[in-house]
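# Structure assessment
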Amino acid sequence: MYVIPDIPKTSEKACMNKKNATIYDISKKLNVSVATVSRALNDHPRISQATKDLVKKTAKEMNYKQNNLAKALKSGETKNVGIIVPYINTNFFSSVIRGIEEELSPHGYHVIICQSHEDVTIEKRHLNTLLNAQVDGIFMSVSKTTIDTEHIQNILSSTNTPIIFFDRKKDISGISTVTIDDFRGGYMATEHLINEGYRNICHFSGDLNLEIYENRLKGYKQALMDHNLSIKEENIITTGSSIDEGIDAVKKLWDKKSVPDAIFSSSDFAALGACQELKKRKIKIPQEVAVIGFSNEPFTQFMELPISSVDQTPLTMGKMAGQVFIENVKENGSGVSIEKKVVLAPQLYIRKSSKRR
């Protein structure tokens, strides 16, 4: 005969610890109303601090987990925001993300980070994913292949989800932007080289599909014109933002014997590539050719020959983007939404690579 063994009795407390408690369990334990528990957990101003502390302490002891989905459905907020960047493995974009997170975290927001890899198809997919996740807002730096912006405009016309562009933007009505004055940055870099005595200045322009590179090019040209120097089209080389492309750009210049006495690159990485190739060719920097970059990546100041660069203040940019979002949320609560255009001032850091005097 098979005898069923005695099963040890499990205490009510042990059972409670095995599953998440509900606000009804907390209400019963403290002998207060369910409404009081709910308000205390959500920091309602009408509930005393002593009651809030007691309810939260009890909730923790009873393994209570708030149902975030139910809370989001009730409040209309998920407290999640999305961030789309081309790549996260650069100091610039990682610093912007840090700035956004530091600004929003005290307000209870969490960030979801996506990389477009400079591919508009991936960018579209990430936007749909974030919308399906019902994020409260999207921060975005567009990819260099984002020419048609219909996928972004559709979001504005079909949802209430705010979009904030930072650094790389498109001019779309209804979207706030946080950028630096790229024209001013390009002008400052070029004028610095002119003030150091350089006259045949080459520019590595970056991808001109992106407004930031177009504006840096415009700043370069304006500085030349303001100092009565001619603009030579052979001195404007379209490059990407990589070391290899900086190397290739220098090779192109020397192959066609259009040898400059200074290089202003719209990318620190292309500037680094230029320095490597110049060094390989036994060309002295800055005595024979000066080099200045853009972005002020950390490596620029720690090299044997530190590279001058224009700083984009990425941490400040991220914090400002976060502030614009918070203001947007508050304004929407009043039935008002104001499009903001924030333009930050660039900073020029002069180092050995461009300092002749």
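About the cut-offs
Residues numbered from 1 in each chain as written. Predicted model: local features only at pLDDT ≥ 70, side-chain atom pairs only at ≥ 80, totals over all residues. Heavy atoms only, no water. Helix = DSSP H or I, 4+ residues; strand = E, 2+ residues; numbered from the N terminus. Buried < 20%, exposed > 50% of the residue type's maximum accessible area, 1.4 Å probe, protein only. Contact = heavy atoms within 4.5 Å. Areas by Shrake-Rupley, 256 points an atom, 1.4 Å probe, with all protein chains shown as cover. Axes fitted to C-alpha atoms, helices over the stretch in contact; angles between N-to-C directions. Parallel < 35°, antiparallel > 145°, perpendicular 65-115°, else oblique. Left-handed = near helix turned anticlockwise from the far one by under 90°. Nonpolar A, V, L, I, M, F, W, Y, C, P; charged D, E, K, R; others polar. Pairing = 2+ DSSP bridges. 1 Å grid on protein atoms, 1.4 Å probe; cavity = no way out; pocket = protein on both sides within 12 Å on 5 of 7 lines; lining within 4 Å. Points joined across faces, edges and corners; volume = space filled by probe spheres on them. Phe/Tyr/Trp six-rings, centres within 6.5 Å; stacked < 30°, edge-to-face > 60°. Lys NZ or Arg CZ within 6 Å of the ring centre and 35° of its normal. pLDDT = per-residue confidence, 0-100.

## Side note on the overall build of the protein chain
A count of helices and strands for the protein chain gives 14 helices and 12 strands. Across the 357 residues in the protein chain, those meeting the buried criterion constitute 48%. Long-range contacts, defined as pairs at least 24 residues apart, comprise 73% of the intrachain contacts of the protein chain with a sequence gap of at least 6. Surface accessibility of the protein chain: about 18700 Å² in total, with carbon and sulfur atoms responsible for 50%.

## Looking at the packing of helix H11 (residues 243-255) against helix H12 (residues 268-280)
Where H11 contacts H12, the two axes come as close as 6 Å, and the packing angle between them is 50°. With respect to H12, the axis of H11 lies oblique. For the pair H11 and H12, the crossing hand works out as right-handed. Residues Ile-243, Gly-246, Ile-247, Val-250, Lys-251 and Trp-254 of H11 touch H12, and the partners they reach there are Phe-269, Ala-270, Leu-272, Gly-273, Ala-274, Gln-276, Glu-277 and Leu-278. A class-by-class count of the residues in the contact of H11 with H12 yields 9 nonpolar, 3 polar and 2 charged.

## Digging into the sheet that holds strand E4 (residues 163-166)
Strand order in the open sheet made by the 6 strands is E2-E1-E3-E4-E5-E11, with parallel pairing throughout. The two strands at the open ends of the sheet, each matched to only one other strand, are strand E2 (110-115) and strand E11 (341-344). Neighbouring strand axes in the sheet, compared pairwise and without regard to direction, differ in orientation by 15° on average. One ladder, built from 4 bridges, connects strand E5 (residues 176-180) with E11; its direction is parallel. Across the sheet, Val-178 pairs through a bridge with Val-342, a residue of E11. Where helix H6 (residues 91-104) meets the sheet, it contacts strand E1 (80-85), E2, strand E3 (137-140) and E4, and its direction lies at approximately 165° from that of E1.

## Some remarks on the environment of Ile-201
Considering the arrangement of structural elements, one finds Ile-201 in strand E6 (residues 201-204). With 63 residues separating them in the primary sequence, Ile-201 and Phe-264 have C-alpha atoms 7.1 Å apart. In contact with Ile-201, other than residues within four places in its own chain, are Thr-190, Leu-193, Ile-194, Tyr-220, Leu-224, Asn-235, Asp-261 and Ala-262.

## Some points on empty space enclosed by the protein
This structure, assessed with the given rule, holds 1 cavity of 30 Å³ or more. Computed from the structure, the largest cavity encloses a volume of approximately 40 Å³. Residue lining of the largest cavity: Arg-199, Asn-200, Ile-201, Tyr-220, Leu-224, Ser-230, Lys-232 and Asn-235, and that is the complete set. Class assignment for the residues of the lining of the largest cavity results in 3 nonpolar, 3 polar and 2 charged.

## Brief notes about the side chain of Thr-58
Mapping Thr-58 onto the fold places it in helix H4 (residues 49-61). In contact with Thr-58, other than residues within four places in its own chain, are Ile-26, Lys-29 and Leu-30.

## Quick word on the packing of aromatic side chains
Here the structure, examined in full by the defined rule, presents 6 aromatic pairs. With a centroid separation of 5.2 Å and an interplanar angle of 50°, the aromatic rings of Phe-269 and Phe-299 are classed as tilted. Taken together, the residues span a long stretch of sequence, with Phe-269 in helix H12 and Phe-299 in helix H13 (residues 299-302) at a distance of 30 residues. Taking the relative accessible area as the measure of exposure, Phe-299 reaches 22% and is therefore partly exposed. In textbook terms, an aromatic cluster arises when at least three aromatic residues are bridged by ring pairs, as seen for Tyr-109, Phe-139 and Phe-325. Sitting over the ring of Tyr-109, Lys-79 keeps its end group 4.2 Å from the ring centre. Above the face of the Phe-294 ring, Arg-216 is positioned so that its terminal group lies 3.8 Å from the ring centre.

## Considerations on the confidence of the model for the protein chain
Residues with a pLDDT of 70 or more make up 90% of the protein chain, whose mean pLDDT is 88. Residue range residues 1-18 is modelled with pLDDT below 50. Its contacts to residues more than four positions away, or to other chains, number 6 contacts.

## Quick word on the sheet that holds E6
The strand order E7-E6-E8-E9-E10-E12 describes an open sheet built from 6 strands, whose pairing is mixed. Two strands lie at the open edges of the sheet, namely strand E7 (236-237) and strand E12 (347-349), each paired on one side alone. Bridge count for strand E10 (residues 308-311) against E12 is 3 bridges, and the pairing is antiparallel. Bridge pairing links Ser-309 to Tyr-349 in E12.

## A few points about the pairing of E3
The alternating pattern of E3 places Gly-137 and Phe-139 on one face and Ile-138 and Met-140 on the opposite face, and all of these are buried. Judged from the 4 bridges that link them, E1 and E3 form a sheet pairing that is parallel. In the sheet register, Ile-83 faces E3, and the bridge partner there is Phe-139. With 3 bridges joining them, E3 and E4 adopt parallel strand pairing.

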